[in-house]
Amino acid sequence: MKLAVLSDVHGNLHALDAVLEDIAGQGVDQTVALGDFLSGPYDPAGVADRLMALDLQSVRGNHDRFIVNGRKDDWEIDVLARNALSAAQKDWLAGIPATGRVGDVFLCHGTPSSDMVLWLTGIDDDGKAFYRSQESITREAEGVEAEVLLCGHTHIARSLRLGDGRLVVNPGSVGMPLAIGSPAAHYAIIEKMTHGWRSSLIAVPYDNEAAAHQALDHGYPTWADSVRSGWSLPWAL
Ligand SMILES: [Fe+2]
């Protein structure tokens, strides 16, 4: 089995289309998606249209949940995305489950039990990324029977093997890479081989400047800087 894995599109249709074009040449059996699809000042409705047409097996992210349910101090980017969506698009978003499974592969946004916890990579108060320890990562995987656990949310790509042989893979972010200076559109491919699962973490170049202009048109210059550089906005998780 060979799967393409994408996560954290955050409304960036230019980045999503570059990833979808790349995936089309990879001969995968299926593409799965790990949430936070629409919250970004780029083209949330365009991303919703594209993903609804593709009907990928998906799990929802924390910002998908915030767009659907609202919260006490609604974040203006979630409000922007919500206001851009049609009723049909909101229904589609509301119907996405919190976790999923494709055979021996488990899907979640943050960790198996939370769409908010940064699992494989933390970000400190200065916005610097750090690798979380094997002990803390393994604790979050307790009780999940799967050969591969897929997660997103950190926007930072990482693949690691737990002591018991399970593989945990975060593909990074399609539309909003953070904190590590890699502004490409990131996704992953996993494939079952004779001795276990192979993982590839892929960074696809795309028209960052077009996405930056969408952010500027919406009045968000820091988001334009972020999509150009891949460095800022850790508070946006
Ligand atoms: Fe998230």
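Up top is the structure.
Structural notes, computed from the coordinates. None of these values were measured; they are calculated from a predicted model.

### Some details on the overall build of the protein chain
- Along the backbone of the protein chain there are eight helices and twelve strands.
- The globule rule puts the C-alpha radius of gyration for 237 residues at 18 Å, and the 16 Å found for the protein chain is close to it.
- Judged by the C-alpha coordinates and their principal axes, the protein chain covers about 50 × 40 × 35 Å.
- Within the protein chain, the fraction of its 237 residues that count as buried is 56%.
- In the protein chain, the share of contacts with a sequence separation of at least 24, taken over all contacts with a separation of at least 6, comes to 67%.
- Looking at the protein chain as shown, the accessible area adds up to about 9,900 Å², and 49% of this sits on carbon and sulfur atoms.
- The averaged location of the 31 negative side-chain charges in the protein chain is 5 Å from the averaged location of its 18 positive side-chain charges.

### Some thoughts on the sheet that holds strand 2 (residues 30-33)
- On the basis of which strands lie adjacent, the open sheet formed by five strands has the order 3-2-1-11-12 and mixed pairing. In this open sheet, the two strands that pair with only one neighbour each are strand 3 (57-58) and strand 12 (196-204).
- Where strand 1 (residues 2-6) meets strand 11 (residues 185-193), four bridges bridge the pair, whose relative direction is antiparallel. Its bridge partner lying in strand 11, Lys2 is registered against Glu191.

### With respect to the coordination of the iron ion
- Looking at the iron ion, the protein donor atoms are Asp36 (OD), Asn62 (OD1), His109 (NE2) and His153 (ND1), and they sit 2.1 to 2.3 Å from it.
- We note that the donor set of the iron ion lies within a single chain, spaced as D-x25-N-x46-H-x43-H. With Asn62 in helix 3 (residues 62-69) and His109 in the loop between strand 5 (105-107) and strand 6 (121-123), this pair connects stretches of sequence that are 47 residues apart.
- On the basis of relative accessible area, His109 is assigned to the buried category, the value being 2%.

### Some remarks on the pattern of salt bridges
- Applying the stated criterion across every chain, the model contains eight salt bridges.
- Across the pair Arg50 and Asp17 runs a salt bridge, and its minimum N-O distance is 2.7 Å. Residue Arg50 is found in helix 2 (residues 44-54), and its partner Asp17 is found in helix 1 (residues 13-24); the two are separated by 33 residues along the sequence.
- For Arg50, a relative accessible area of 31% translates into the label partly exposed.
- Judged by relative accessible area, Asp17 falls into the partly exposed class, the value being 29%.
- Of the charged contacts in the structure, one is a salt bridge between Asp78 and Arg71, with a shortest N-O distance of 3.6 Å.
- Taken together, the shared-partner salt bridges in this structure form one network comprising Glu209, Asp225 and Arg228.

### Some points on unusual backbone geometry
- The residue Asp8 is not glycine, and still its phi comes out positive at about 50°.
- Mapped onto the secondary structure, Asp8 falls in the loop between strand 1 and helix 1.
- Using a relative accessible area of 0% as the deciding quantity, one classes Asp8 as buried.
- At Asp36, a position not held by glycine, the phi torsion is positive, near 55°.
- Checked against the element boundaries, Asp36 lands in the loop between strand 2 and helix 2.

### What to know about the environment of His10
- Relative to the assigned elements, His10 resides in the loop between strand 1 and helix 1.
- Taking the relative accessible area as the measure of exposure, His10 reaches 0% and is therefore buried.
- Along the chain, His10 and Gly35 lie 25 residues apart, while their C-alpha atoms are 8.7 Å from each other.
- Those residues in contact with His10, other than ones at most four positions away along the chain, are Asp36, Phe37, Leu38, Ser39, Gly40, Tyr42, His63, His155 and Met176.
- Side-chain polar atoms of His10 contact the side chain of Asp8, separated by 3.5 Å.

### A look at the sheet that holds strand 10 (residues 167-170)
- Read across the open sheet, the five strands follow the order 4-5-8-10-9; overall the sheet is mixed. The open sheet terminates on both sides in strands that have one partner only, identified here as strand 4 (100-102) and strand 9 (158-161). Averaged over all pairs of adjacent strands, the angle between strand axes in this sheet comes to 20°, irrespective of strand direction.
- Bridge count for strand 9 against strand 10 is four bridges, and the pairing is antiparallel. When the bridges of strand 10 are listed, Ser159 appears paired with Val169.

Thresholds, definitions, all that
Residues numbered from 1 in each chain as written. Predicted model: local features only at pLDDT ≥ 70, side-chain atom pairs only at ≥ 80, totals over all residues. Heavy atoms only, no water. Helix = DSSP H or I, 4+ residues; strand = E, 2+ residues; numbered from the N terminus. Rg over C-alpha atoms; globule rule 2.2 N^0.38 Å. Buried < 20%, exposed > 50% of the residue type's maximum accessible area, 1.4 Å probe, protein only. Contact = heavy atoms within 4.5 Å. Areas by Shrake-Rupley, 256 points an atom, 1.4 Å probe, with all protein chains shown as cover. Lys, Arg positive; Asp, Glu negative; His and termini not counted. Charge placed at Lys NZ, Arg CZ, Asp CG, Glu CD. Pairing = 2+ DSSP bridges. Donors = N, O, S within 2.8 Å, 3.2 Å for Na, K, Ca; no water. Salt bridge = Lys/Arg side-chain N within 4 Å of Asp/Glu carboxyl O. Polar contact = N/O pair within 3.5 Å; in protein donor to acceptor, adjacent residues only side chain to side chain. Axes fitted to C-alpha atoms, helices over the stretch in contact; angles between N-to-C directions.

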